[in-house]
Each structure stands twice: as C-alpha cells, then as structure tokens.
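Summary of the model geometry
So the chains spell out like this:
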Amino acid sequence: RSKSPPPHQESCRRSAQRVQPSTMPKNKGKGGKNRRRGKNDNDSKRELVYKEDGQEYAQVTKMLGNGRLEAYCFDGVSRLCHIRGKLRKRVWIQQGDIVLIGLREFQDQKADVILKYDNEEARSLKAYGELPENVQINVDVGLDGDELEDDTFDFEEI
C-alpha cells in the first residue's frame, strides 16, 4: 500500500500543474521619454535677441562641468557663469560660443547664461555693432586659450 501525501501538499501539486509560466508583457507603446519630449525642429528663424539692462554678451573661454563655464564678457571682465535649467541638456554650449548672460546684482564675478547665439546670429550681431570687431566667431579655442591652427607639413621628395 502506497502512502498518499498530506492534503495540503496535494493541493499545492495540483495548482502547480495548472499554472503556466508567466511571460513579460508585450510593448504596445510608441517609444519612451524622448518621443514624448518631441522633436526639436528649429528650422524656422528665431528673432535676434539684443541685450537689455543687466545683461551682457560674452564668449565662452572654458567649460568647467556641472553646468558651469567661464566666459569673457565684452565689458572686459571674465566671469563664472551658470547654465540655467532651461538650456541644460537641450542647448549644447561649447568653447568659443557667443552667449547672452544675465549679470547678478549681488555678485559681480558670477552670471547666468540666458541664451546661446548660433554662428549666423553672432555674425549679424557683429555686423550691427553689438559685438566688438576683434571678436572671432566660429574659431576653435585650445585648452590653453590659444587658437587652434592647421599645421602644415613640408615633405621632401625622396
């Protein structure tokens, strides 16, 4: 005579036979966070923004990280600037870019980046006399602040 398992074990065995292994649900969505944010179609020209009281034009001299940069303002002062949240991770700022910064009333050596001008806008600002004539637009700046130039090599014929 064979022993039958206790009743509670028997019910567990029956339920284990009926249950099928669960599978992961199928993706039925149309994409993730980036799709919800939308495409950044800026083909249309935006209006040129001029500086107002408490603002100044500047050129980025050094990227410091953590949303900060060092910029040379065209009033002759080099300032530590903070990239505001609206521009962070949306507008990429590099060394040599022309930006509009908001000056702080309580800290003269610090400022906030309000807007980045693209190369075409910076050229038109220079043409309208808003930027000094000695400003170089669309020029790469080296790590030590010197401009990067194309190196030329002279090869001798063998």
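That block above? That's the structure.
Residues numbered from 1 in each chain as written. Predicted model: local features only at pLDDT ≥ 70, side-chain atom pairs only at ≥ 80, totals over all residues. Heavy atoms only, no water.

Remarks on the overall build of the protein chain
Short version of the rule: Under the DSSP-based scheme used, a helix requires at least four consecutive residues in state H or I and a strand at least two consecutive residues in state E, with every element numbered from the N terminus. In this scheme, a residue with accessible area under 20% of its type's maximum is buried, one over 50% is exposed, and one in between is partly exposed, where area comes from a 1.4 Å probe on protein chains only. Note on contacts: a residue pair qualifies if any of its non-hydrogen atoms lie within 4.5 Å across the two residues. We get accessible surface area from the Shrake-Rupley algorithm with a probe of 1.4 Å; when it comes to residues, only the shown protein chains can shield them.
Each helix and strand in the protein chain was counted, giving three helices and five strands. What you see in the protein chain, going N to C, is helices and strands ordered as α-α-β-β-β-β-β-α. Looking at the 158 residues of the protein chain, the share that counts as buried comes to 22%. Look at the contacts in the protein chain between residues 6 or more apart in sequence, and 49% of them connect residues 24 or more apart. For the protein chain, the exposed area adds up to about 13500 Å²; of that, 46% sits on carbon and sulfur atoms.

What to know about helix α3 (residues 119-127)
Put simply, the rule reads: Note: the arc covers the axis-to-C-beta directions of the helix.
Within the sequence span of α3, burial applies to E121, A122 and L125. Each buried residue of α3 sits inside an arc of 100° when the element is viewed along its axis, so together they form one side. Each element contacted by the buried residues of α3 is listed here: β1 (55-65), β4 (98-103) and β5 (110-117).

As for the sheet that holds strand β2 (residues 68-73)
For clarity, the threshold we go by: Note: two strands are recorded as paired if DSSP finds a minimum of 2 bridges between them. The convention used is that axes are lines fitted to C-alpha atoms, helices contributing only their stretch in contact, and that angles between N-to-C directions extend from 0 to 180 degrees.
Sheet architecture is closed into a barrel: five strands sit in the order β1-β2-β3-β5-β4, paired in mixed fashion. When the angles between neighbouring strand axes are averaged without regard to direction, this sheet yields 50°. Strand direction decides the pairing type here: β4 and β5, joined by six bridges, are antiparallel. Its bridge partner lying in β5, V99 is registered against K116.

Any link to function would need more than the numbers given here.
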